[in-house]
Amino acid sequence: MADARRLLDIDTLPDGVPERLLERARALASGARPAKLSGTVAQLFLEPSTRTRVSFEIAAGRTGLDRVHVDGARSSTVKGEALNDTVATLAAMGIAALVLRHPESGAPESVARAHPELPLVNAGDGMRAHPSQALLDVATLLDDGVALEKARIAIVGDIRHSRVARSDLALFSRLGVAEIRIAGPEAWLPAAESLPVRRCRNLEEALDGADVVICLRVQRERMDVAVGPDPEAFHVAWGLTSRRLAAAAPDVRVLHPGPVNRGVEIDDAVADGSRSLILRQVRMGVFMRMAIFEWLLGH
Ligand code: NCD
């Protein structure tokens, strides 16, 4: 039997699939009728989550799937059960698909190797990938009229610890974004990778004329040792304020995957301002995850 479909990261998605998912999510957002799917999707979340978890749950319901949520803190994983045994247990109960969030980078690959027959979605693994977030980010931008082939996109803040940034970068380069810039404290920049990105020295350089700004939370829980500036110092040097945003393009779009730490990486006036698409991202997230379930289960 052929392996099941999986969304593990952006790089391993077959040719044309990102484009298809983007188009379908936008059609669903405009009122297209969802496919009628059947079976049970299990959500195994071994890390906190509000929007990703609820969004997958609502999306599953809207496509006709039954849902079970396995809360990591209250499951047998705290009794020492290995991840693949937990998944084998769920698979033995006949689930149609698994949505997995895990604090360890690479956990979804290990599940995919052990259970090639199981349709699987990575809802965020460690610092590695969060493909559904990248797809919903791009769907939100396209829906707001951004032309990727002309767009200058700045990703700012704690990039090193961000799986969202990694997946965004992978999808932006795959879709041919004109210019990608990154900026943040030295300790929070990714190691010099072969990414086609422009590394900016400060926020001002990153924002200058930018069409899109993606602001990221400081992800202290993912740092082995506390490095980089404290929240106050970070806000002074790197916080996204209205004054700083004025240097970007007049119709700049501000994105943030959430959760937002107001007054740290972003000011209230920007988060709630007219350039912010933060809640539009959340709304599009549901449609993107519906599109993902349709694709995953063969529609
Ligand atoms: C992010 C995550 O958990 O990766 N949030 C999200 O899923 N929308 C970003 C973060 O943790 O800061």
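Residues numbered from 1 in each chain as written. Predicted model: local features only at pLDDT ≥ 70, side-chain atom pairs only at ≥ 80, totals over all residues. Heavy atoms only, no water.

Q: What is the right way to read the environment of Leu22 from this model?
A: Along the polypeptide, Leu22 turns up in helix H1 (residues 17-29). Under the relative-accessibility criterion, Leu22 is labelled buried at 5%. Spatially, the C-alpha atoms of Leu22 and Ala170 are 15 Å apart, while their sequence positions differ by 148 residues. Excluding its chain neighbours within four sequence positions, the residues that come into contact with Leu22 are Leu135, Val138, Ala139, Leu142, Leu175 and Met288. (Helix = DSSP H or I, 4+ residues; strand = E, 2+ residues; numbered from the N terminus. Buried < 20%, exposed > 50% of the residue type's maximum accessible area, 1.4 Å probe, protein only. Contact = heavy atoms within 4.5 Å.)

Q: What is the right way to look at the packing of H1 against helix H5 (residues 131-143) in this model?
A: Helix-helix packing is described using two parameters, namely the angle between the two axes and the distance between the axes. Between H1 and H5, the least distance of the axes is 10 Å, while the angle of their chain directions is 60 degrees. It follows from the interaxial angle that H1 and H5 lie oblique. Note on packing geometry: the crossing formed by H1 with H5 is right-handed. Within the contact between the two elements, H1 uses Pro18, Leu21, Leu22 and Arg26 and H5 uses Leu135, Val138, Ala139, Leu142 and Asp143. When the residues that make up the contact of H1 with H5 are grouped by side-chain class, the tally is seven nonpolar, no polar and two charged. (Axes fitted to C-alpha atoms, helices over the stretch in contact; angles between N-to-C directions. Parallel < 35°, antiparallel > 145°, perpendicular 65-115°, else oblique. Left-handed = near helix turned anticlockwise from the far one by under 90°. Nonpolar A, V, L, I, M, F, W, Y, C, P; charged D, E, K, R; others polar.)

Q: Sorry, what's going on with the site of the ligand here?
A: Around the ligand, a shell composed of Arg51, Thr52, Arg101, His130, Gln133, Arg163, Val164, Arg217, Gln219, Arg222, Pro257 and Gly258 is seen. The contact in question runs from a nitrogen atom of the ligand to an N or O atom on the side chain of Gln133, over 3.2 Å. Within the backbone of Pro257, a nitrogen or oxygen atom sits 2.9 Å from a nitrogen atom of the ligand. Burial of the ligand by the protein amounts to 94% of the accessible area it has alone, namely 320 Å². Taken together, the elements giving at least two residues each to the shell around the ligand come down to helix H2 (51-62) and helix H6 (163-175). (Near = heavy atom within 4 Å. Polar contact = N/O pair within 3.5 Å; in protein donor to acceptor, adjacent residues only side chain to side chain. Areas by Shrake-Rupley, 256 points an atom, 1.4 Å probe, with all protein chains shown as cover.)

Q: I keep staring at helix H8 (residues 231-238) and nothing clicks. Help me out?
A: At 3.6 residues per turn, the α-helix brings residues three or four places apart onto the same side. Taken residue by residue, H8 has Phe234, His235 and Trp238 as its buried positions. The buried residues of H8 occupy one face: seen down the axis, they fall within an arc of 105 degrees. For H8, exposure combined with an orientation more than 90 degrees from the buried face picks out Glu232 and Val236. (Arc of directions from axis to C-beta.)

Q: Help me understand the sheet that holds strand E7 (residues 179-183) in this model?
A: Hydrogen bonding along the main chain pairs the strands of a sheet, whether they run parallel or antiparallel. Pairing within the open sheet is parallel, and its five strands lie in the order E8-E7-E6-E9-E10. One side of each edge strand has no neighbouring strand; the edge strands of this open sheet are strand E8 (198-199) and strand E10 (253-255). Pairing between E7 and E8: two bridges, direction parallel. Residue pairing in the sheet places Ile182 in a bridge with Arg199 of E8. (Pairing = 2+ DSSP bridges.)

Q: Can you walk me through the packing of aromatic side chains in this structure?
A: The way to describe two aromatic rings as a pair is by their centre distance and the angle between their planes. Within this structure, the stated rule accounts for two aromatic pairs. Ring geometry for Phe56 and Phe293: centres 5.8 Å apart, planes at 70 degrees, overall edge-to-face. Placement of Phe56 in helix H2 and of Phe293 in helix H11 (residues 278-296) is noted, with a sequence separation of 237 residues between them. Residues Phe56 and Phe293 agree in their burial class; the two are buried. An angle of 55 degrees between the planes, with centres 5.3 Å apart, marks the rings of Trp188 and Phe234 as tilted. With Trp188 in the loop between E7 and E8 and Phe234 in helix H8, the pair connects residues that are 46 residues apart, well separated along the chain. Residue placement shows Arg289 over the ring face of Phe56; its charged tip is 4.7 Å from the ring centre. (Phe/Tyr/Trp six-rings, centres within 6.5 Å; stacked < 30°, edge-to-face > 60°. Lys NZ or Arg CZ within 6 Å of the ring centre and 35° of its normal.)

Q: Just checking my understanding: could you explain the sheet that holds strand E4 (residues 97-102) for this structure?
A: Across the sheet, five strands lie side by side as E1-E5-E4-E2-E3; this open sheet has parallel pairing. A strand with exactly one partner marks an edge of an open sheet, and here the two such strands are strand E1 (6-7) and strand E3 (66-71). With five bridges joining them, strand E2 (residues 40-45) and E4 adopt parallel strand pairing. Within E4, the residue paired with Leu44 across the bridge is Leu100.

Q: Where do I start with the pairing of E7 in this structure?
A: Regular strands show a simple pattern: their side chains alternate between the two faces of the sheet. The element E7 is largely enclosed, with a buried count of four among its five residues. Direction of pairing for strand E6 (residues 152-156) relative to E7: parallel, over a ladder of five bridges. Its bridge partner lying in E7, Ala154 is registered against Arg181. For the segment spanning E6, H6 and E7, crossover handedness is right-handed. (Right-handed = clockwise from strand over helix to strand, strands pointing away.)

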